[in-house]
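Each chain, letter by letter, is given below.
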2 protein chains.
Amino acid sequence: MQTRLRCDYLKNKVMSADEAAQLFKDGMIVGTSGFTPAGYPKAVPLALSRREDKGEEIGLTIITGASVGDELDGELSRKGIMKRRYPYQTNKDSRNKINSGDVQYADMHLSHVPQWIKYGYFGNIDIALVEAVAITEDGNIIPSTSIGNANVFVETADKVIVEINTSQPLDLEGVHDVYSTKNPPNREAIPILNATDRIGTPYIPCKPDKIAAIVFTDIKDKTREVTPIDEVSKKMAKNLITFLNDEVDKGRLPKNLLPLQSGVGSVANAVLGGLCDSKFEDLVVYSEVLQDSVLDLIDNNKVKFASATSLTVSPQRLDDFYKKFSKYKEKVILRPQEISNSPEVARRLGVIAINTAIEVDIYGNVNSTNIMGSRMMNGIGGSGDFARNAYLTIFTTESIAKKGDISSIVPMVSHCDHTEHDVMVIVTEQGVADLRGLSPVERARCIIDNCAHPDYKDMLNDYLEKALDGKYKHTPHVISEALSWHDRFLKNGSMKI
Amino acid sequence: MQTRLRCDYLKNKVMSADEAAQLFKDGMIVGTSGFTPAGYPKAVPLALSRREDKGEEIGLTIITGASVGDELDGELSRKGIMKRRYPYQTNKDSRNKINSGDVQYADMHLSHVPQWIKYGYFGNIDIALVEAVAITEDGNIIPSTSIGNANVFVETADKVIVEINTSQPLDLEGVHDVYSTKNPPNREAIPILNATDRIGTPYIPCKPDKIAAIVFTDIKDKTREVTPIDEVSKKMAKNLITFLNDEVDKGRLPKNLLPLQSGVGSVANAVLGGLCDSKFEDLVVYSEVLQDSVLDLIDNNKVKFASATSLTVSPQRLDDFYKKFSKYKEKVILRPQEISNSPEVARRLGVIAINTAIEVDIYGNVNSTNIMGSRMMNGIGGSGDFARNAYLTIFTTESIAKKGDISSIVPMVSHCDHTEHDVMVIVTEQGVADLRGLSPVERARCIIDNCAHPDYKDMLNDYLEKALDGKYKHTPHVISEALSWHDRFLKNGSMKI
C-alpha cells in the first residue's frame, strides 16, 4: 500500500467501493477519468449499480473523456442510473439506451469538453471519480492508462474519489504530462512546439483535503478486441500510403511525414498498421489514442515518438504490454485531452489526420456518427478537432457496407459531422479522391471515379447528371431525391432497389 | 509621388495599368489583396478586362482574402476571365457565374487559405496583385484598408504588382501588424495574448526586385451599402443582449464580456450596433471585419479596441471616416487573416462569435451558404474559424424569409456548414435558444419553442413527433420528409403548402 498511497494524511480515506458509492446522490453531475476503454473507474460504478439492485433510485449525469468500459457505461446504462451522458461512448448498452431515448446524450468535440467544464457550461461538477496508479506524498494523483479530462474534473469538482488500480503497472508513473489552460481572458499559449515536448507535471495536482474517498481495486481495463486486418483494410492502407508517398515526391510533405493522428477502432488500427510495411521512418504520432498498431510501429522502429491521451491495447496483448512497458516509456507521453486534442497544437504541428467515416457524399461532406441520419453509432470524438486543423485531412471508409446493400458514397449525407470545408482526401479500398482545390462538381466526379464501388457508380453519376439539369449548378442537388438512397434502404433493406 | 513611393530603385517600375495587365498570361494563378470590398486592386483588373475587350482570351484563377469589389469580381466574371475562384465572394455577377457552373468556386474557411498557399495546395502563385497606400524606402508594402492574404501572396508569388491607391489615406500607415507563420514542422506559437498585442511589422516585407510593376490609381473602395436597421434586427439585437446580460449575471462572462467577433452584412452590423444601447463598456473586438457599427461603438466609448483584417465602411460615411481616421488609429489594428481568423488565437482569447445563418435545423445544424441546398449565396467566410473555437458561439437569423414562405428553422438543413457540435446559441427575432448541454431532441424542443416563427411551430412539432415514432430516437428523422419543406418551396413557392 505504501507504494500506491504515499500520503499518510489520506490513509484514513481508504474505504470499500460500496462505502464510496454512498457519496453519490440522485441528480449529481459526475466527471470520470477514462478515454477509450482505458483508465476509467471500475469498482465504484459497480458498487453504484449494487445500490440500484437494493432498490435505491439514483440518476446521474456522467461526463468522461471519451468511451469507457462496461463497468461504467454498460452497468449504469442497464440499471438506469445514467440519465445524461457526455461526450462520447462505444458501449452496446449505452448506445441502445441513447437510441431508445432513455439516455440524453450530447455528442461533442472532445477538445470542447474540458473548456465547457471550466466555463461552467455543464453546471457544477459534484464528484470527480478517477482511476490512478498511485497517490503521491502530497496527495497528487498519478493517472493510469489515460488522462482524458481527469485533471480538469479534479480541478473543478467539489469532491474527488480515487480508485487506485493495482492491476495498472506502477511503471506508468512518469509517462504523463499534465497541463491545464486558464480560462479567457487569462489564457496563454500552449507551449508545445514538438510532439515530444513536456510542459506540465507527471501527476494531476490535487490538494489532499479534496479527496473524499480512496478505493483499492484490481479490475483490469476492458479494452476492445482488435479484429484481424482484412483484405479491404489492407487495400485502404495501401491506397493511403501511395498517396502519402506522392505527397512526399511532390515536396509537400517531409520524408518522415508530419505527426500522425489516427482515429480509434479496427479499421483505423489496420490503416495505421499498414505503415509497418512502408518505407517511412522516424515517424511521430500526435493523436488521442495509441492502439496496437502504434506499438507495432514502435517495435519496428518506424515510430520514434508517440503522444496521446490514452493507451488502449487490445486484450490479447495487454498483459505482455504491461510487462514490457519500460521499453516504451521513453517513447510515449500521455497528455490531458485538452492538449492532445488542442486545435492550437494540431495546427501548429501540422498533423496528418486520418479518421473513419460512416458515409461520405459526392461533395465531400462526412457523416461520422448517425447511421441513416438517426441511429447513433459512437460519436464524433476527436475527429473534428484534428480534421479542421490538420495539415492533411483524410477520411477512410469501405466503399460499401452491409454486403453491398449500403453505398458509403451517397448523394447527400444523412447527417453531417465534417463539412465539405474540412475534408481534403477520401480513401476507400477502390482508390483515393484528392479534393483539395476542387469545386463541388469536380469533387463529385473525383469521388465517384476514384472511391465509389462499381455497383454504385452509374447510380451516382445519374444523380449528378440529373442534378446538373437544374438551375443551380454550384452544389447541384435534386432535393426530392437527395436522401432517397437512405429511404430505400430503410424501406427495402438496400440502396440498390 | 515621393510620399507614396519612397524606394528610388523602384521608380522605373511605375507603369500604366494597361502595361501591368500585359504581365498576366492565360492559365495563371493570381493572388490578390482585398477582404470584403476593401483594399482590393482595381485599376489592373479593369485593364485586364480591356484586354478581353480587344479579343484576347485570358483565363485566370483568382484567390483573394475574401470578397472584393466589382472592378475585380464583377468585371472578371462578366468578361469570362475568372475561371476559378477561392475562397469567398459576394458579387452578384460572380455569384451568377458560380451558380451557372461557369466559374469553378471552392468555398473555404478563411483561416485555411493562407496555409494552403504556403503548403502549395493551390499550385504555384504566379502573380501577387496587391493594393497599397505606399511603398517604403526598402520596398516594403504598406497595405490599405485590408490585409487579407496580401502578405502571404507577396511572400510566395513569383512576381508582385502593386497598385498604389492615392484615394486611400496615408494615415493608414501604422495601423497594420503583419505576421506570417512558418510551415510545420517549424511553426511556433502565435504570440498574441490580448487583442491589442502587436507582434509583427507595420508593412508587408518585400524584396524590391520581386516587384514587377507599380500602378498608381485613385479608384475608391466600392464598399457595400449598409441597410438601415429594421425592427426585426432590433429585436434580434435585444434578444442577444438580454442573453449576454444573463451570462454575466450567472458569472459565466466578465462584465465587459470577452472579445467580440461578428460576421459581415447588414444584419450582423445591426446586431452588433445594438450594443450601443446596452450597459456594456470597455468592450474589445477581435474579428475579421470592422463595419460601421464598430465605429459607432468606438465613438460611443463602448469599444475600447478593435482588431480585424479589414475596415469596410459603408459608402455613406467613407469620406468622413478617411478624414477622421487619426482618431480611430490608436484603437484599431489590422492583421493578416491568418492571424485575425486563427483558431489558436480565437480560442485563447475566448471570442464571442456572432454569425448569420441562412437556415438552422431543429437539431442545431446551420446552413450559411447554399439556399435550398444548391444555390450559393456568398460562402462560409470566417464563420467556421470562429464558431468552432469561440467561448460562446451564436448564430442569428430571422425566423422566416420571403415574407414567410420560407421558415429559417427546418427539420433538416439542406446544406450543412456548421454542425450540431459547433452551435451553442440560436437567436431569432422570436427569442433565444441556448442549446448548450442539450441532447438533440431537447435542442429541437428548445429551438421550436424559442426561435421558430409561430406560423411554423405546429408543423415543426408535427415533424418531431412523427420522427419520434420511429425506432431511433437520438436524432429522430423521417428521412423521406426531412427535406420535404425545401422540396415544397422549390415546387410551390412556399414551405407552407
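Since this is a predicted model, take the numbers as computed values, not measurements.

Undergrad: Let's hear about the overall build of chain A: which residues, and what values?
TA: Helix and strand content of chain A: 17 helices and 25 strands. Relative to the compact-globule value of 23 Å for 497 residues, chain A shows a C-alpha radius of gyration of 23 Å, a close match. The principal-axis extents of the C-alpha atoms in chain A amount to approximately 75 × 50 × 45 Å. Per-residue burial for chain A yields a buried fraction of 67% across its 497 residues. At a minimum sequence separation of 6, the contacts of chain A that also span at least 24 residues come to 74%. Here chain A carries 59 positive and 67 negative side-chain charges, and the mean point of each set is 1 Å from the other.

Undergrad: Lay out unusual backbone geometry with the relevant residues and their values.
TA: All names here are of chain A. With omega at 5°, the peptide bond leading from P184 into P185 counts as cis. Mapped onto the secondary structure, P185 falls in the loop between β7 (159-165) and β8 (211-217). The residue M372 is not glycine, and still its phi comes out positive at about 50°. Among the secondary structure elements, M372 is positioned in the loop between β18 (370-371) and β19 (375-376).

Undergrad: Requested: an account of the domain arrangement of chain A, with residues and values cited.
TA: All names here are of chain A. Taken domain by domain, chain A comprises domain 1 (8-217) and domain 2 (231-492). Distance between the C-alpha centres of domain 1 and domain 2: 29 Å. Around 3700 Å² of area is buried between domain 1 and domain 2 when both sides are counted, 57% of it from carbon and sulfur atoms. Our count for the contact surface shared by domain 1 and domain 2 stands at 3 salt bridges. Our enumeration of links across domain 1 and domain 2 arrives at 33 residue pairs in polar contact (both at pLDDT 80 or more). Contributing elements (two or more residues each) for the side of domain 1 that touches domain 2: α4 (92-99), α5 (112-119) and α6 (150-156).

Undergrad: Any details on the relation of the copies chain A and chain B? Residues and values, ideally.
TA: Rotating chain A by 180° and moving it 0.0 Å along the rotation axis overlays it on chain B with an RMSD of 0.0 Å. Those values place the two copies in the arrangement expected of a two-fold rotation axis. Minimal C-alpha separation from the rotation axis in chain A is found for A:E344, amounting to 2.2 Å.

Undergrad: So what's going on with the interface of chain A and chain B? Residues and values would help.
TA: Between chain A and chain B, the contact holds 81 residues from the first and 81 residues from the second. Here chain A and chain B share an interface that buries about 6800 Å² over both sides, 54% of which is from carbon and sulfur atoms. Taken together, the links from chain A to chain B amount to 4 salt bridges. A salt bridge links A:E344 to B:R348; the nearest nitrogen and oxygen atoms lie 3.1 Å apart. Applying the counting criterion to the chain A and chain B interface returns 38 residue pairs in polar contact (both at pLDDT 80 or more). The element contributing the most residues to the side of chain A that touches chain B is helix α13 (residues 343-349) of chain A, with 5 residues. Residue classes in the side of chain A that touches chain B are distributed as 31 nonpolar, 28 polar and 22 charged.

Undergrad: Explain the side chain of B:S33 to me, using residue names and the numbers behind them.
TA: All names here are of chain B. Mapping S33 onto the fold places it in the loop between β1 (29-32) and α2 (43-53). Within polar-contact distance, the side chain of S33 engages the backbone oxygen of G39 at 2.7 Å. Excluding residues that lie within four positions of it along the chain, S33 makes contacts with G39, Y40, P41, V68, L129, V130, E131 and A150.

Undergrad: How would you explain the packing of aromatic side chains if you had to name every residue and give the values?
TA: Taken as a whole, this structure holds 20 aromatic pairs over all chains when the rule is applied. Seen in terms of ring centroids, B:Y119 and B:Y121 are 5.4 Å apart; in terms of plane orientation they differ by 70°. Their pairing is edge-to-face. Note on accessibility: B:Y119 and B:Y121 belong to one class, buried. Here the aromatic residues A:Y86, A:W116, A:Y119, A:Y121, A:F122 and B:Y391 are joined through ring pairs into a cluster of three or more. The side chain of A:R436 reaches across the aromatic face of B:Y121, ending 4.4 Å from its centre.

Undergrad: Tell me about the UniProt feature "domain: Acetyl-CoA hydrolase/transferase N-terminal" (unreviewed entry) in chain A, residues and numbers included.
TA: Taking the numbering used here, the UniProt-annotated feature "domain: Acetyl-CoA hydrolase/transferase N-terminal" (unreviewed entry) corresponds to residues 10-215 of chain A. Its end C-alpha atoms 11 Å apart, residues 10-215 of chain A is made of 23% helix and 19% strand.

Undergrad: Kindly report on the pattern of salt bridges, identifying the contributing residues and their values.
TA: Between side chains of opposite charge, pairing is possible as soon as their charged atoms come close. All names here are of chain A. Across all of its chains, the model carries 72 salt bridges over all chains by this definition. Between R78 and D70 there is a salt bridge, with the nearest N and O atoms lying 2.8 Å from each other. For R78, a relative accessible area of 37% translates into the label partly exposed. Take D70: its relative accessible area is 32%, and that puts it in the partly exposed class.

Undergrad: Account for the pairing of strand β20 (residues 392-396) of chain A, naming residues and giving values.
TA: Residues and elements named next belong to chain A. By the criterion of burial, β20 is predominantly enclosed, with 5 of the 5 residues buried. Residues L392, I394 and T396 of β20 are buried on one face, and the alternating residues T393 and F395, pointing to the opposite face, are buried as well. The pairing of β20 with strand β24 (residues 425-427) spans 3 bridges and is classified as parallel. Counted as the bridge partner of F395 is I426 from β24.

Undergrad: Just give me the short version of the sheet that holds strand β23 (residues 409-410) of chain B, but keep the residues and values in it.
TA: Residue and element names in this part refer to chain B. The 3 strands are arranged β17-β16-β23 in an open sheet whose pairing can be described as mixed. Pairing within the sheet leaves two strands with one partner each, and these edge strands are β17 (366-367) and β23. Looking at chain direction, strand β16 (residues 359-361) and β17 are connected through 2 bridges and run antiparallel. Counterpart to V360 in the pairing with β17 is V366.

Undergrad: A description of the packing of helix α15 (residues 440-451) of chain A against helix α16 (residues 454-468) of chain A should follow, citing residues and the corresponding values.
TA: All names here are of chain A. Remark: α15 packs on α16, axes separated minimally by 10 Å, with the N-to-C direction vectors making an angle of 165°. In terms of their interaxial angle, α15 and α16 are classed as roughly antiparallel. Crossing geometry of α15 relative to α16 is assigned as left-handed. Across the interface between the two elements, V441, A444, R445, I448 and D449 of α15 pack against K457, L460, N461, L464, E465 and L468 of α16. For the contact of α15 with α16, the per-class residue count stands at 6 nonpolar, 1 polar and 4 charged.

Rules used throughout
Residues numbered from 1 in each chain as written. Chains lettered and ligands numbered in written order. Predicted model: local features only at pLDDT ≥ 70, side-chain atom pairs only at ≥ 80, totals over all residues. Heavy atoms only, no water. Helix = DSSP H or I, 4+ residues; strand = E, 2+ residues; numbered from the N terminus. Rg over C-alpha atoms; globule rule 2.2 N^0.38 Å. Buried < 20%, exposed > 50% of the residue type's maximum accessible area, 1.4 Å probe, protein only. Contact = heavy atoms within 4.5 Å. Lys, Arg positive; Asp, Glu negative; His and termini not counted. Charge placed at Lys NZ, Arg CZ, Asp CG, Glu CD. Domains from an automatic or database assignment. Buried area = accessible area lost by both parts, 1.4 Å probe. Salt bridge = Lys/Arg side-chain N within 4 Å of Asp/Glu carboxyl O. Polar contact = N/O pair within 3.5 Å; in protein donor to acceptor, adjacent residues only side chain to side chain. Least-squares fit on C-alpha atoms with pLDDT ≥ 70 in both. Nonpolar A, V, L, I, M, F, W, Y, C, P; charged D, E, K, R; others polar. Phe/Tyr/Trp six-rings, centres within 6.5 Å; stacked < 30°, edge-to-face > 60°. Lys NZ or Arg CZ within 6 Å of the ring centre and 35° of its normal. UniProt positions renumbered as here; feature names shortened; annotations may be inferred. Pairing = 2+ DSSP bridges. Axes fitted to C-alpha atoms, helices over the stretch in contact; angles between N-to-C directions. Parallel < 35°, antiparallel > 145°, perpendicular 65-115°, else oblique. Left-handed = near helix turned anticlockwise from the far one by under 90°.

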